[in-house]
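# Per-entry structural report
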Amino acid sequence: MAALKSTARPSPKSSDLQVLLQLQRSKLHQSRVDSKDKDVVLSILHANPSKREARIFASHFDRPVDNLTKAAPLLAVENIRLAIVRIEAGMSQKDLDSFARTLVAMRKLGQSAIVILDWESRISETHTHLASFVSVSSHRHSHHVSPTNREEFPSLALSASSRADMIAESNRIVEAIDNAGGRSVSVHGSLFVSSNSSREISCDSDLIKHHLSRRRIIVATSLCMNLDSVSNHEISTVESMTAVAGTVVTSLRNANPVKVYLMNSAGGFRGSDQHHIGLVNLAEEGVSVRNAISESNVVEDVELHRRKLRDFDLAEKVLQRLVHVSPCSSALVASVRGGADSRSALIANWITDKPPSSVRGGAVLSTPPTVLRIGLTLEVHRGSLDNVDLQKLESLLNDSFARKLNSKEYFSRLKTCVDTVIVAGDYDGAVVVTSEKIDGRVVRYLDKIGVRQGAQGLGIVDILWKRMVEFYPNLCWRSRTANPVNKWYFDRSDGNLKFGKDNYWMMFWYGNDGVMRLKDYQKVCGRIDASFM
């Protein structure tokens, strides 16, 4: 029915993940699992990735060490899977210890991290607003981020005691990571550099390479060294995060997807009606979602609302810096609270690269996260193929399914029953929904969903699915029982049923009407001819 064909190379014979799991199988069998390693194993099990997701995830690993007791070889920086993490200052020790275990678990699963300490969350609301406003609004489209003029905004300057507190907080994070079994290093005043002549903020790429290649988690404050005055000054979190993103783009020459984690105490975003927003396609709905978040201040305190808008702008800004070299990058706005459930949600997103809200019936967090992607614009065609480029649609389906479409018969039928065609980008992905009639009753049927192989990894299928669900609260579709993509359908359906000769077909549906309309659904799924030669 739908094509989500994997183009990933086969899983390597050995990987960090496989070495870890082999070690844990032995320990589990002997009932002597280290509690720190057990967290990792349980998180992998909770993620429950499909075969395709597991293959793609395993293919990202560097070569493992033959003997885990030996010193690990240096990582090749160009192969590093990087996370840029923002942590708000002042979190409780309990929350910090829990998130430190998450960082260590993800490091064991192959993810390197640069953690930026957000000290702005500790200063006054007015000062924070000024720092965010200057960095976001003045440099939205620049390739470099210029430091704020400290003479114009002297209130942004930190006292010596405040700087000491900032460094102490950074060291507290390092200590928590080390106590959780990880390796980390605190960097302040040497990672970010600027000069009076260029006024550009950049990162010391050699310093980043040095620590990441040695599997260290970098914890950095937003203190910047001015090369002319040889003195430190503070920069905003937006400036430091985008500077790190710029280094990834220009110096590390690493085209792997980058994860941006904005950790807070409130979780993801909610709209004006307080419903949870699980996925944001910035190219299509960035403005509308931000407006919805802005309107949600009716039921929120002013400070919390301001921080949510700041998180949204920060995520968008960092992704804009990454998109040209690493278009598959995404941002996750999530709460540090929630313990093991929060850890499992983050690791599941890291392994499967899908929004937690896309899985029906999954674990429900009190503060669920939100995933943001630069994404693609969508075209929606309702009730007609007149404005659909059939040649491009045919090419997309052929590529996505890796089979030849019987285009004459397929489009001839589609012209009589098409209900909606949703196209992502320049036919990088598409959804086709038809309107089928059974004894005068109308059934909406998901006829095709496909993503061009070269565009897989951009989150297009989740973007298409989200828009489709907005149009259709009830839907049915079919897939071959042996289709390896069925795991993806199980996650997004409310029910399924095998039918046909030798149970060749698997029928899926979602929506409250599903059980009451099973006979209609089965008739529709059973009468439609195959579309491919």
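Above: the structure in question.
What counts, and where the lines are drawn
Residue positions are counted from 1 within each chain, in the order its sequence is given. In keeping with the model being predicted, local features are shown solely for residues with a pLDDT of at least 70 and side-chain atom pairs are shown and tallied solely at 80 or more, while totals for entire chains, interfaces and linings include all residues. Water and hydrogen atoms were dropped before computing side-chain values, which therefore reflect all heavy atoms in the structure. When DSSP finds two or more bridges between a pair of strands, those strands are recorded as paired. Under the DSSP-based scheme used, a helix requires at least four consecutive residues in state H or I and a strand at least two consecutive residues in state E, with every element numbered from the N terminus. Convention adopted: a line fitted to C-alpha atoms gives each axis, helices being fitted over their contacting stretch, and angles between N-to-C directions are expressed from 0 to 180 degrees. Two residues qualify as a contact provided that any one of their heavy atoms is within 4.5 Å of a heavy atom in the partner residue. Take the buried Ala, Val, Leu, Ile, Met, Phe, Trp, Tyr and Cys residues and link them wherever side-chain atoms come within 4.5 Å; each set so joined is a nonpolar core. Accessibility here uses a 1.4 Å probe with only protein chains present; expressed as a share of the type maximum, an area under 20% marks a residue as buried, one over 50% as exposed, and anything in between as partly exposed. Between 65 and 115 degrees an angle is taken as roughly perpendicular, under 35 as roughly parallel, over 145 as roughly antiparallel, and anywhere else as oblique. With the far helix as reference, a near helix turned anticlockwise by less than a right angle produces a left-handed crossing, and one turned clockwise produces a right-handed crossing. Amino acids are sorted into nonpolar (Ala, Val, Leu, Ile, Met, Phe, Trp, Tyr, Cys and Pro), charged (Asp, Glu, Lys and Arg) and polar (every other residue, Gly among them).

With respect to topology, four strands assemble into an open sheet ordered β5-β4-β7-β8, the strand pairing being mixed. Each having just a single partner strand, β5 (202-203) and β8 (231-234) make up the two edges of the open sheet. With two bridges joining them, strand β4 (residues 192-194) and β5 adopt antiparallel strand pairing. By the bridge assignment, Phe 192 is partnered in β5 with Cys 203.

Moving on, we come to the sheet that holds strand β9 (residues 259-264). On the basis of which strands lie adjacent, the open sheet formed by eight strands has the order β3-β6-β2-β1-β9-β13-β14-β12 and mixed pairing. Pairing within the sheet leaves two strands with one partner each, and these edge strands are β3 (184-187) and β12 (279-281). On average, adjacent strands in this sheet sit at an angle of 20 degrees to one another, irrespective of strand direction. In this structure, β12 lies alongside strand β14 (residues 370-373), joined through three bridges in parallel fashion. Across the sheet, residue Val 280 finds its bridge partner in β14, namely Leu 372. Across the face of the sheet, helix α6 (residues 160-179) comes into contact with β1 (81-88), β2 (111-118), β3 and β6 (217-220) while running at roughly 175 degrees to β3.

The next subject is the pairing of strand β20 (residues 495-499). Along any regular strand, the residues point their side chains to alternate faces of the sheet. As paired strands, β20 and strand β21 (residues 505-510) are joined by five bridges and run antiparallel to one another. The residue bridging Gly 495 from the neighbouring strand is Trp 509, located in β21. Taking the residues that link successive antiparallel strands as the turn, the β20-β21 hairpin has five residues, and the phi of Gly 500 there is positive, at about 90 degrees.

Right, let's talk about the nonpolar core for a bit. Grouped together as the largest cluster of nonpolar side chains are 63 residues, with contacts concentrated most on Val 85, Leu 446 and Met 468. If you tally residues by element for this core, the top one is helix α4 (residues 93-108), at seven residues. Once residues within four sequence positions are removed from consideration, Val 85 is found in contact with Phe 99, Leu 103, Ala 113, Ile 114, Val 115, Ile 116, Met 241, Tyr 261 and Met 263. In terms of nonpolar packing, the next biggest core, distinct from the first, is built from 46 residues, Leu 75, Val 187, Phe 312 and Leu 322 among them.

One way to put it is that helix α9 (residues 282-295) packs onto helix α10 (residues 302-322) with a least axis distance of 10 Å and a crossing angle of 165 degrees. Between α9 and α10, the interaxial angle falls into the category roughly antiparallel. In the packing of α9 onto α10, the handedness of the crossing is left-handed. Listed contacts from α10 to Leu 282, Gly 286, Val 289, Arg 290, Ile 293 and Ser 294 of α9 are His 305, Lys 308, Leu 309, Phe 312, Asp 313, Glu 316 and Leu 319. Split into classes, the residues belonging to the contact of α9 with α10 amount to six nonpolar, three polar and four charged.

Here we come to the pairing of β9. A large share of β9 lies buried, amounting to six of its six residues. Sheet topology places β1 next to β9; five bridges connect them, and they run parallel. Bridged to Ile 87 within β9 is Met 263. Pairing geometry for β9 and strand β13 (residues 330-335), over six bridges, is parallel. Across the sheet, Met 263 pairs through a bridge with Ala 334, a residue of β13.

Fair warning: the whole summary comes from geometry, so function is off the table for now.
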